[in-house]
Amino acid sequence: RLETKDGSCSLYYEVSGNPKGKVALFLHGGPGDGCSPKHRRLFDPEAFCIVIFDQRGAGQSSPPGFNQHNKTENLVQDIEQLREDLGFEAWDLIVGGSWGSTLALAYATKFPELVKALVLYSIFIPSQESIDFVYSPQGAGLFFPEAYEP
C-alpha cells in the first residue's frame, strides 16, 4: 500500500511480471472503478514489470468512494509518488482506458521525461458534452435504449 503524501488515502497497488523487464503502468477508468487480474493480462509478464493500482476512492484503495482531494493534480502526484517509492527511473509504458487515458495524458504532460510510451483506448475527454452523452437518452441511450427507459 502507498500512503499518499497528503495523508488522506491508502492506495492499493500490485507489482508483477519480470522485475528486470520494461516498466508498465496500467491506469483504470472511473470514477470508482479499480484494477483486476484482467488488466495484468494486457502485458507479457516475461517482458514487463507490471504495475497496477487503484486510484483514490476506487477498488481496494481506502477510504472507499473518497472524493475529498480527489483532483486530477492529486492523482498525477500519486502516480509520481508511486514511481518514486518503487524506485523506477521512468515508466517505459503507461496504458490507460477511459478516465485512465485522461489521467495518463495529464501525467505525461506534467512529466514528459518520465514517460517513454503511451497506449490510450476508450479515450474520455472530460467535458460537459462527453458527460451529457453518457447520461442522456439522446447520447449513449441511442445505443442502449433499455438502460434509459423510465
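Predicted model, so just to flag it, every value in this text is computed and none were measured.

Basis of the calculations
- Residues numbered from 1 in each chain as written.
- Predicted model: local features only at pLDDT ≥ 70, side-chain atom pairs only at ≥ 80, totals over all residues.
- Heavy atoms only, no water.
- Pairing = 2+ DSSP bridges.
- Helix = DSSP H or I, 4+ residues; strand = E, 2+ residues; numbered from the N terminus.
- Axes fitted to C-alpha atoms, helices over the stretch in contact; angles between N-to-C directions.
- Contact = heavy atoms within 4.5 Å.
- Polar contact = N/O pair within 3.5 Å; in protein donor to acceptor, adjacent residues only side chain to side chain.
- Buried < 20%, exposed > 50% of the residue type's maximum accessible area, 1.4 Å probe, protein only.
- Expected span 1.5 Å × (residues − 1).
- Phe/Tyr/Trp six-rings, centres within 6.5 Å; stacked < 30°, edge-to-face > 60°.

A. Representation of the sheet that holds strand 7 (residues 118-121). The strand order 3-5-4-6-7 describes an open sheet built from 5 strands, whose pairing is mixed. The sheet terminates laterally at strand 3 (13-17) and strand 7, the two strands that pair on one side only. With strand direction ignored, the average angle separating the axes of adjacent strands in the sheet is 15 degrees. Bridging between strand 4 (residues 22-27) and strand 6 (residues 93-97) involves 4 bridges; their strand directions are parallel. Residue pairing across strands places Phe-26 opposite Val-95, the latter belonging to strand 6. The strands that helix 2 (residues 72-86) touches are strand 3, strand 4 and strand 5 (48-53); relative to strand 5, the one it contacts most, it runs at about 135 degrees.

B. Up close: the environment of Asp-92. Counting through the fold element by element, Asp-92 comes out in the loop between helix 2 and strand 6. Distance from Asp-92 to Val-115, taken between C-alpha atoms, is 6.1 Å for residues 23 residues apart in sequence. Once residues within four sequence positions are removed from consideration, Asp-92 is found in contact with Lys-22, Val-23, Lys-116 and Ala-117. A distance of 3.2 Å separates a polar atom in the side chain of Asp-92 from a polar atom in the side chain of Lys-116.

C. The arrangement of the environment of Leu-2 in detail. Its place among the elements puts Leu-2 in strand 1 (residues 2-3). On the accessibility criterion, Leu-2 (4% relative accessible area) is buried. Along the chain, Leu-2 and Lys-22 lie 20 residues apart, while their C-alpha atoms are 22 Å from each other. Excluding residues within four positions of it along the chain, Leu-2 makes contact with Cys-9, Ser-10, Leu-11, Tyr-13, Asp-78, Gln-81, Leu-82 and Asp-85.

D. Summary view of helix 2. Compared with an ideal rise of 1.5 Å per residue, which puts 15 residues at 21 Å, helix 2 spans 21 Å between its outermost C-alpha atoms and is within 8% of the ideal. Of the residues making up helix 2, those classed as buried are Asn-74, Leu-75, Val-76, Asp-78, Ile-79, Glu-80, Gln-81, Leu-82 and Arg-83. Buried residues along helix 2 sit against strand 1, strand 2 (10-11), strand 3, strand 4, strand 5 and helix 3 (99-110). Taken from the residues just after helix 2, Gly-87 is the one with a positive phi, measuring 80 degrees.

E. The packing of aromatic side chains, seen in detail. Counted under the stated rule, the structure contains 3 aromatic pairs. Centre to centre, the rings of Phe-88 and Trp-91 are 5.9 Å apart; their planes meet at 55 degrees, and the pair counts as tilted. Residues Phe-88 and Trp-91 agree in their burial class; the two are buried. With a centroid separation of 5.0 Å and an interplanar angle of 40 degrees, the aromatic rings of Tyr-107 and Phe-111 are classed as tilted. One exposure class covers both Tyr-107 and Phe-111, and it is buried.

Everything listed here is a matter of coordinates, which is why it stays silent on function.
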